[in-house]
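Notes for the structure review
Take a look at the letters that make up each chain.
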Amino acid sequence: MLTIDCKDVVSIKNELLVYVADQVAAIPTLKHHKFTLSSFDDDEIIDISVVISAIKEYLDSIDEGHNFAVISNNDVINITSISGKVIERTTTKSKHELFSCTHCGFVTQYQVELNVHMRIHYL
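Owing to the predicted nature of the structure, the values given are computational and were not obtained by experimental measurement.

This brings us to the packing of helix α1 (residues 13–24) against helix α2 (residues 48–61). It is at 9 Å that the axes of α1 and α2 come closest, and there the two elements cross at 135°. The pairing of α1 with α2 is recorded here as oblique in orientation. Handedness of the crossing formed by α1 with α2: right-handed. Across the interface between the two elements, E15, L16, Y19, V20, Q23 and V24 from α1 touch V50, V51, A54, I55, E57 and Y58 from α2. Taken together, the residues that form the contact of α1 with α2 break down as 9 nonpolar, 1 polar and 2 charged.

Printed below as a string of structure tokens:
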């Protein structure tokens, strides 16, 4: 499982997650200022270089590639601002966060419902 830290690009985290997960064929899981990617098969390993390339492609597509460095440290990839500038978009925030099951990808807007759902994996 890879963790991508998006603290400098939080406003584009969701779009980045969709793009990268599609490029590497992985299961994404949203977290507060980061997201994780898991392989479909437990025996498969996600290629970090492919993930980094996909992140750079996305940043280049929105003309921000020259402002951010994508740095890998073991299973954590940091997207860090070179100039100290963070990406801010003026889109309206959703009132509901989505929570995702790390085992099967089940998505809900309620933390309690996710907690109940997670219990079925341990029966």
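Now for the sheet that holds strand β5 (residues 76–81). Reading across the sheet, the 5 strands line up as β2-β3-β1-β5-β4 and stay open at both edges, with mixed pairing between neighbours. Because the sheet does not close on itself, it has two edges, and the strands there are β2 (27–30) and β4 (68–73). Adjacent strand axes in the sheet meet at a mean angle of 20°, parallel and antiparallel pairs treated alike. Bridge count for strand β1 (residues 2–5) against strand β3 (residues 34–38) is 4 bridges, and the pairing is antiparallel.

It is worth spelling out the pattern of salt bridges at this point. In total, this model carries 1 salt bridge according to the counting rule given. Across the pair D5 and K7 runs a salt bridge whose closest N-O atoms are separated by 4.0 Å. D5 sits in the buried class, given a relative accessible area of 16%. Note on K7: relative accessible area 48%, which makes it partly exposed.

In the sheet, β4 pairs with β5 via 6 bridges, with the strands oriented antiparallel. Looking at β5, one finds that S72 is bridged to I77. With antiparallel pairing between neighbouring strands as the criterion, β4 and β5 make up a hairpin whose turn holds 2 residues, including N74 at a positive phi of roughly 60°.

What follows deals with the packing of aromatic side chains. All chains considered together, the criterion is met by 1 aromatic pair. Measuring from ring centre to ring centre gives 5.6 Å for Y19 and Y58, while their planes differ by 45°; the resulting arrangement is tilted. Here Y58 lies in helix α2 and Y19 lies in helix α1, a separation of 39 residues in the sequence.

Only one face of β2 is buried: it carries I27 and T29, and the other face, with P28 and L30, is open. Taking the residues between adjacent antiparallel strands as the criterion, β2 and β3 are bridged by 3 residues.

The next thing to look at is the side chain of S81. As for its position among the elements, S81 is in strand β5. The class of S81 is buried, set by a relative accessible area of 12%. Sequence-distant contacts of S81, that is, excluding residues within four places in its chain, are made with D8, N67 and F68.

Let us now look at unusual backbone geometry. Residues apart from glycine generally show negative phi values, whereas peptide bonds are mostly found in trans. Located in the positive-phi region is A25, a residue other than glycine, with phi close to 55°. Among the residues examined, A25 registers a relative accessible area of 47% and is labelled partly exposed. Even without being a glycine, N74 presents a positive backbone phi close to 60°. Following the sequence through the fold, N74 ends up in the loop between β4 and β5.

The rules behind these values
Residues numbered from 1 in each chain as written. Predicted model: local features only at pLDDT ≥ 70, side-chain atom pairs only at ≥ 80, totals over all residues. Heavy atoms only, no water. Axes fitted to C-alpha atoms, helices over the stretch in contact; angles between N-to-C directions. Helix = DSSP H or I, 4+ residues; strand = E, 2+ residues; numbered from the N terminus. Parallel < 35°, antiparallel > 145°, perpendicular 65-115°, else oblique. Left-handed = near helix turned anticlockwise from the far one by under 90°. Contact = heavy atoms within 4.5 Å. Nonpolar A, V, L, I, M, F, W, Y, C, P; charged D, E, K, R; others polar. Pairing = 2+ DSSP bridges. Salt bridge = Lys/Arg side-chain N within 4 Å of Asp/Glu carboxyl O. Buried < 20%, exposed > 50% of the residue type's maximum accessible area, 1.4 Å probe, protein only. Phe/Tyr/Trp six-rings, centres within 6.5 Å; stacked < 30°, edge-to-face > 60°.

Honestly, it's all geometry; don't read function into it.
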